[in-house]
Amino acid sequence: MNFSPRPSLPKSLRASLASGKEKLLTRSLKAAAAEQGLLELAGRLRDLAGKDLADQYSTMDIDSEYLLTKVCCQQAFQIKLASTVLPDGPGTVVDIGDSSGAHTRHLQALNPACKADFLSVNLDPQAVAKIRAKGLKALQSRAEQLGAHGVDADVFLLFETLEHLPDPFSFLHDLSSKTRCRRLVLTVPYVRRSRLGLHHIRAGLKEHRTAERVHLLELCPEDLRLLFAHTGWKVEKETIYRQYPRYSPLRATRALWARWDFEGFYGAVLSRDDAWSSLYDSWG
């Protein structure tokens, strides 16, 4: 869902329009982060990551001020949320869908009292190799097959991963019913109305794609709460990180974010509660 100016325009004009769009959205991100109390933390994360920011994803390079700002502000939102539930003493934290080890490094650096073991999980062997090269623990596995590897945790992290899973129902129920998990921290793209993703099909981009590049379900907060209750979770905390400010003229960029990316991201801290899941008799 990246914006591309009309191909009929001259190349120089297309480049100028793209540059202007990125500058505007970068200003929007910084104003939004400041308004939400995340700008200072985003700066700290950028300093901590250094050159490693460039390899945040396996499918794209973080090589512009816009992308650097976007990644750091989004990670500040995630790290702030996860820091509230880290184990006080020994324990295990598993980051499902981690592509670079960034969250582990940030959480350890900002929470030195936390002595938990961290494990990153990703389906992509390139991401796993990248994480291991940094001296961190990583496992190559599908998110749905963690049980087969004996993976368990006190805290599971799930950042921008749920929307990529073909069966979020069974996955979330397995975490709630077959692990010792105390807290599940997740973030997903924020949408006002639930929808199927599959944006490459909408755009007619008929090419091979990995799971990292395909959103299957994009759920609004109301439907996410139903999903959580049905699969054995209750919401302890929820919040929305917006990529646009609400109290400045730059709030007008909301329409641009909704058109070219996402207005923001929804985050939640969940704990196990089988009040509703125990009433469903057809779990596999």
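Below: a short report on this structure.

Rules used in this analysis
Residues numbered from 1 in each chain as written. Predicted model: local features only at pLDDT ≥ 70, side-chain atom pairs only at ≥ 80, totals over all residues. Heavy atoms only, no water. Helix = DSSP H or I, 4+ residues; strand = E, 2+ residues; numbered from the N terminus. Rg over C-alpha atoms; globule rule 2.2 N^0.38 Å. Buried < 20%, exposed > 50% of the residue type's maximum accessible area, 1.4 Å probe, protein only. Axes fitted to C-alpha atoms, helices over the stretch in contact; angles between N-to-C directions. Parallel < 35°, antiparallel > 145°, perpendicular 65-115°, else oblique. Left-handed = near helix turned anticlockwise from the far one by under 90°. Contact = heavy atoms within 4.5 Å. Nonpolar A, V, L, I, M, F, W, Y, C, P; charged D, E, K, R; others polar. Pairing = 2+ DSSP bridges.

A few words now on the overall build of the chain. When helices and strands are tallied, the chain shows 9 helices and 9 strands. Taking 19 Å as the expected radius of gyration for a compact globule of 284 residues, we find that the chain reaches 19 Å, a close match to that expectation. With the C-alpha coordinates of the chain rotated into their principal frame, the extents come out at 60 × 40 × 40 Å. Looking at the chain as a whole, 49% of its 284 residues qualify as buried.

Contact geometry for helix H2 (residues 39-49) and helix H3 (residues 65-83): axes closest at 8 Å, N-to-C directions at 110°. Relative to H3, H2 is oriented roughly perpendicular. For the crossing formed where H2 meets H3, the hand is right-handed. Residue-level contacts link Leu41, Ala42, Leu45 and Arg46 of H2 to Glu65, Leu68, Thr69, Cys72, Cys73, Gln75, Ala76, Ile79 and Lys80 of H3. Class assignment for the residues of the contact of H2 with H3 results in 8 nonpolar, 2 polar and 3 charged.

Moving on, we come to the sheet that holds strand E8 (residues 233-242). Two modes of strand pairing occur in sheets, parallel and antiparallel, and in both the strands are linked by backbone hydrogen bonds. Spatial ordering of the open sheet is given by E3-E2-E1-E4-E5-E9-E8, a layout of 7 strands whose pairing is mixed. Each end of this open sheet is capped by a strand with a single partner; those strands are strand E3 (138-140) and E8. Pairwise comparison of adjacent strand axes, ignoring direction, gives a mean angle of 20° for this sheet. Sheet topology places strand E2 (residues 117-122) next to E3; 3 bridges connect them, and they run parallel. Counterpart to Asn122 in the pairing with E3 is Gln140.

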